[in-house]
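Letter by letter, the chains look like this.
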Amino acid sequence: MISKDPAVRVEDIHCAVDHLATLSYVNDARIGLLGICAGGGYAIKAALTERRVKAVGTVVANDIGEAMRRLLPDAGQTLLDVAAERTAQARGAAARRDPWIPDSLDDAKAAGITYPELLEAVTFYRESAYRHPNSTNHLLFVSYGALLGFDAFSLVPELLTQPLQVIVGGRRGPTGQYEAGRRLFDLSSRAKHFFEVEGAGHYDMYYKPEYVGPAVARLAEFFSEHLAP
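Residues numbered from 1 in each chain as written. Predicted model: local features only at pLDDT ≥ 70, side-chain atom pairs only at ≥ 80, totals over all residues. Heavy atoms only, no water.

**Q** Can you break down unusual backbone geometry residue by residue, with the values?
**A** The backbone of C37 shows a phi angle near 60°, a positive value even though the residue is not glycine. Note that C37 resides in the loop between β1 (31–36) and α2 (38–47). (Helix = DSSP H or I, 4+ residues; strand = E, 2+ residues; numbered from the N terminus.)

**Q** For the sheet that holds β1, give the residues involved together with the corresponding values.
**A** Backbone-to-backbone hydrogen bonds join strands into a sheet, with any given pair of strands oriented parallel or antiparallel. Read from one edge to the other, the open sheet built from 4 strands follows the order β1-β2-β5-β6, with strand pairing classed as parallel. Both outer strands of the open sheet, β1 and β6 (192–197), are each paired with one neighbouring strand and no more. The average undirected angle you get between the axes of adjacent strands in this sheet is 15°. Alignment of β1 against strand β2 (residues 53–59), held across 6 bridges, turns out to be parallel. Paired with G35 across the strands is T58, a residue of β2. Seen against the sheet, α2 touches β1, β2 and β5 (164–169) and runs at an angle of roughly 145° to β1. (Pairing = 2+ DSSP bridges. Axes fitted to C-alpha atoms, helices over the stretch in contact; angles between N-to-C directions. Contact = heavy atoms within 4.5 Å.)

**Q** I'd love a proper account of the layout of surface pockets, names of residues and values included.
**A** Space inside the largest pocket adds up to approximately 1,600 Å³. Taken together, the elements giving at least two residues each to the lining of the largest pocket come down to α1 (6–20), β1, α2, α3 (64–71), β3 (97–99) and α6 (116–127). The leading source of residues in the lining of the largest pocket is α6, at 6 residues. For the lining of the largest pocket, a count of residues per class yields 31 nonpolar, 10 polar and 7 charged. (1 Å grid on protein atoms, 1.4 Å probe; cavity = no way out; pocket = protein on both sides within 12 Å on 5 of 7 lines; lining within 4 Å. Points joined across faces, edges and corners; volume = space filled by probe spheres on them. Nonpolar A, V, L, I, M, F, W, Y, C, P; charged D, E, K, R; others polar.)

**Q** Just give me the short version of α3, but keep the residues and values in it.
**A** Listed in full, the buried residues belonging to α3 are I64, G65, A67 and M68. One side of α3 carries all its buried residues, which in axial view fall inside an arc of 165°. As for α3, its buried residues are in contact with α1, α2 and α7 (143–148). Residue D63 occupies the N-cap position of α3, its side-chain oxygen lying 3.0 Å from the main-chain nitrogen of G65. (Buried < 20%, exposed > 50% of the residue type's maximum accessible area, 1.4 Å probe, protein only. Arc of directions from axis to C-beta. Polar contact = N/O pair within 3.5 Å; in protein donor to acceptor, adjacent residues only side chain to side chain.)

**Q** Requested: an account of the packing of α1 against α2, with residues and values cited.
**A** Where α1 meets α2, the axes come as close as 9 Å, and the angle between the chain directions of the two elements is 65°. Classified by chirality, the crossing of α2 by α1 is right-handed. Residue-level contacts link P6, R9, V10, I13 and H14 of α1 to Y42, A43, K45 and A46 of α2. Taken together, the residues of the contact of α1 with α2 break down into 6 nonpolar, 1 polar and 2 charged. (Left-handed = near helix turned anticlockwise from the far one by under 90°.)

**Q** Give a detailed account of the pattern of salt bridges, specifying residues and quantitative values.
**A** For the coordinates displayed, the defined rule picks out 12 salt bridges. With a shortest N-O distance of 3.5 Å, E120 and R171 are connected by a salt bridge. With E120 in helix α6 and R171 in the loop between β5 and α9 (177–187), this pair connects stretches of sequence that are 51 residues apart. A relative accessible area of 34% places R171 in the partly exposed class. Notably, a salt bridge pairs D204 with K208, separated by 2.8 Å at the nearest N-O pair. A relative accessible area of 27% means that K208 is categorised as partly exposed. Via salt bridges that share partners, E120, R171, D204 and K208 belong to a single interconnected network. (Salt bridge = Lys/Arg side-chain N within 4 Å of Asp/Glu carboxyl O.)

This is the structure:
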């Protein structure tokens, strides 16, 4: 059962930097930050106020708040349902849990799902060797309140001072990773780099060597340049 609060994820990044700063073998003038998918949005949000981070990279980054507001059928109704759920829990009801995605490709097929990108997500998260054995694929429903209210990118023009590397997959899809990456890049007013991995979809960028390889090579070049001693 997952509670998804973006503010907690962002604070986790600050705490990770706290810990790195205590390690004698870490040069705290050379700390970089890399975020993937929703983690890209969390990385950017943290970097806005985390001056100990000297360079930021993202791969298929998403502002999960924008994505939820765009993808949910009715965000306003969802917030009303969250309010009702919180009241019910305050009065002693068991917590509602909803699945993130179908639990299997068979379940997706039974639900009439045909979007290739969603089927790729089901394959990766639920049926591949990369599936985490502790994953329940269920989200506490009240988490939608925090998700829908999250905004990762709007303060980038004012507060993002670090060099930025944005990496996107060239194949666009419903996750909006390409559009989010381009928006992030356009908002940044500092040293910035945009790199498109041709032919790659969102989930290809997680684990397929032919797509991950070029991204890693570009990130290595970026961080070497901006975190040089």
